[in-house]
Amino acid sequence: MSSILDDLKMQYHIGGVVNKLIYWNIGLFVVPYVLFAVLRLFNIEVDFLRYISLSSNPAELIWKPWSIFTYSFFHFGIMHILFNMLVLNFSSRLFLTYFSQKQLLALYFTGAIFAGIIYILSYFAFPALANLNVSLVGASASIMAILFATVAYAPMMEVRLLLIGNVKLWHIASFLIIVDLVQLPLENTGGHLSHLGGALFGYLYTKQLQNGNDIGAWFTKTIDLFANLTGKSKATPFKKVHKNYNRPIVKPVSKIVAKDKTQQQIDEILDKISQSGYDSLTKEEKDFLFQSGK
């Protein structure tokens, strides 16, 4: 058990933003359910999802303004979070082929906020949804933003899917949009609206980056400000890409981020840990991880 915990801690500290987002989602799913399951043994019932879910009633934002982004870290059930984490890992790995980890984190949060606003506004714009008071949780909108940001940049990118073979990225995106549109009037209307909002934001995010405008920069600056205030600094600074405010008005040419060799070596060691455990590492590999984690 101790070895497993050591492996998990090492993967969290050494892994990139994708690992951390997945760990946070799983942690915020498991811990509350265990805690409130114990409380129920003492006849204490707490509907904790009420306090972190995003309500279709904007008046509730007054007393829980944090819900505009906390909803994207919580899930209803095991299948809900399992599917979302699989797709988050898939979409994020594709995104990081072209963009930085800092942009991934910014897009996860800003995509959730934008999709949340679309979700709330939809319950005013569509008569069939008027006067309904429902709640939203799940990382799906943020995941759609990440996926569609990648699609907007590399729609012809080929992806190999199990049992299907090679398909182009825009095929996957089109399928997901069709599924959301078909299910929109049937069930989980708010959820599908947020998916579409996240997809729209992801598309706009990349197009704006290609024009030299980072619409997620405000979030990145906020994170940097808090990091500076707490005195934390990163050994390896994040790279900035796609940002050129002095670019002439011509068809923009995007830059592709080359894979960082250090991160690639870390990924290979983490794969070895996941297959054979931390004890299977050589002394040199353990020392390398220790130095990288400083």
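Bear in mind that the values here come from a model prediction, so they are computed numbers and not experimental data. (Residues numbered from 1 in each chain as written. Predicted model: local features only at pLDDT ≥ 70, side-chain atom pairs only at ≥ 80, totals over all residues. Heavy atoms only, no water.)

### With respect to the pattern of salt bridges
This is how it is decided: Salt bridge, as used here: a side-chain nitrogen of Lys or Arg that lies within 4 Å of a carboxyl oxygen of Asp or Glu. We call a residue buried when its accessible area falls under 20% of the maximum for its residue type, exposed when it is over 50%, and partly exposed in between, using a 1.4 Å probe and counting protein chains only.
Evaluated as defined, the whole model comprises 3 salt bridges. Its salt-bridge partner being Glu60, residue Lys64 comes within 3.5 Å of it at the nearest N-O pair. As far as burial versus exposure is concerned, Lys64 and Glu60 are alike and both buried.

### Considerations on the packing of helix H2 (residues 17–40) against helix H6 (residues 101–125)
Rule in force here: To get an axis, a line is fitted to the C-alpha atoms, and for a helix only the part in contact is used. The angle between two axes follows their N-to-C directions and goes from 0 to 180 degrees. The secondary structure listing takes helices from DSSP runs of H or I that are at least 4 residues long and strands from runs of E that are at least 2 residues long, numbered from the N terminus. Contacts between residues were defined by any pair of non-hydrogen atoms, one from each residue, lying within 4.5 Å. The classification used treats Ala, Val, Leu, Ile, Met, Phe, Trp, Tyr, Cys and Pro as nonpolar, Asp, Glu, Lys and Arg as charged, and all other residues, Gly among them, as polar.
In the contact formed by H2 and H6, the axes pass within 9 Å of each other and the chain directions differ by 35°. Contacts between H2 and H6 involve Val17, Val18, Leu21 and Asn25 on the former and, on the latter, Gln101, Leu104, Leu105 and Tyr108. Across the contact of H2 with H6, the residue classes break down as 6 nonpolar, 2 polar and no charged.

### A word on the nonpolar core
Cut-off, in case you're wondering: By nonpolar core we mean a set of buried residues, namely Ala, Val, Leu, Ile, Met, Phe, Trp, Tyr and Cys, connected to one another through side-chain atoms within 4.5 Å.
Formed by 47 residues in total, the largest nonpolar core has its most connected members in Leu88, Phe95, Leu107, Tyr108 and Leu169. Sorting elements by how many residues they give to this core places helix H7 (residues 140–153) first, with 9 residues. Setting aside residues up to four positions removed in sequence, Leu88 forms contacts with Leu21, Ile22, Asn25, Tyr108, Ile143 and Ile146. Core analysis: the second largest hydrophobic core is formed by 13 residues, Ile68, Tyr71, Ala141 and Leu184 among them.

### What about the packing of helix H8 (residues 169–183) against helix H9 (residues 189–210)?
Helices that pack against each other are described as a pair by the angle of their axes relative to one another and the distance between those axes. As a reminder, the rule being used: What makes a crossing left-handed is the near helix being turned counterclockwise from the far one by less than a right angle; a clockwise turn instead makes it right-handed.
Relative to each other, H8 and H9 sit at 145°, their axes nearing to 9 Å. Crossing geometry of H8 relative to H9 is assigned as left-handed. Facing Ile177, Asp180, Leu181 and Gln183 of H8, the residues of H9 in contact are His192, His195, Leu196 and Ala199. Among the residues forming the contact of H8 with H9, the class breakdown is 4 nonpolar, 3 polar and 1 charged.

### Structural notes on the environment of His80
For clarity, the cut-off: Identification of polar contacts relies on pairs of N or O atoms within 3.5 Å, with a donor-acceptor requirement for protein atoms, meaning one able to donate a hydrogen and the other able to accept it, and with residues adjacent in sequence counted only if both atoms are side-chain atoms.
Mapped onto the secondary structure, His80 falls in helix H5 (residues 78–95). Here the alpha-carbon distance between His80 and Gly138, two residues 58 residues apart in the chain, equals 7.8 Å. With near-sequence residues (within four places) excluded, His80 lies in contact with His75, Val137, Gly138 and Ser140. Polar contacts involving the side chain of His80 include one to the main-chain amide nitrogen of Phe76, which spans 3.2 Å.

### A short note on H7
Put simply, the rule reads: Between the first and last residue of a helix there are one fewer steps than residues, each counted as 1.5 Å, and that sum is the expected span.
With 14 residues, H7 should cover 20 Å at 1.5 Å per step; its first-to-last C-alpha distance of 20 Å lies within 8% of that length. Among the 14 residues that make up H7, 14 are buried, leaving the element largely enclosed by the rest of the structure.

### Section: the packing of aromatic side chains
Note the threshold: Aromatic rings from Phe, Tyr and Trp, with only the six-membered ring used for Trp, were paired whenever their centres fell within 6.5 Å, and each pair was classed as stacked if the ring planes differed by under 30 degrees, edge-to-face if by over 60, and tilted otherwise. For a Lys NZ or an Arg CZ to count as sitting over a ring, it must be within 6 Å of the ring centre and within 35 degrees of the ring normal.
A complete count under the given rule lists 17 aromatic pairs for this structure. Each ring, one from Phe36 and one from Phe48, has its centre 5.1 Å from the other, and the planes form 10°; the classification is stacked. Highlighted residues: Phe36 in helix H2 and Phe48 in the loop between H2 and helix H3 (49–52), separated in sequence by 12 residues. Judged by relative accessible area, Phe36 falls into the buried class, the value being 14%. Between Phe69 and Phe109, the ring centres sit 6.1 Å apart and the planes meet at 55°, which makes this aromatic pair tilted. Here Phe69 is found in helix H4 (residues 67–70), whereas its partner Phe109 is found in helix H6, with 40 residues between them in sequence. The ring of Tyr51 carries Arg50 above its face, with NZ or CZ at 5.8 Å from the centroid.

### Describing the confidence of the model for the protein
Note the threshold: The quantity called pLDDT is the predictor's confidence in a given residue, expressed from 0 to 100.
Of all residues in the protein, 76% attain a pLDDT of 70 or more, and the chain-wide mean is 82. Of all the helices and strands in the protein, helix H1 (residues 2–14) carries the lowest mean pLDDT, 64, while H7 carries the highest, 96. Confidence over residues 233–250 falls short of pLDDT 50; this stretch has 30 contacts with residues more than four positions distant or in other chains.

### Observations regarding the pairing of strand S3 (residues 158–161)
Both faces of the sheet carry side chains from a regular strand, because those side chains alternate between them. Condition: Think of it this way: DSSP has to see at least two bridges between two strands before they count as a pair.
The pairing of S3 with strand S4 (residues 165–168) spans 4 bridges and is antiparallel. When the bridges of S4 are listed, Val159 appears paired with Val167. Counted between consecutive antiparallel strands, the loop separating S3 from S4 contains 3 residues, among which Leu163 sits at a positive phi close to 70°.

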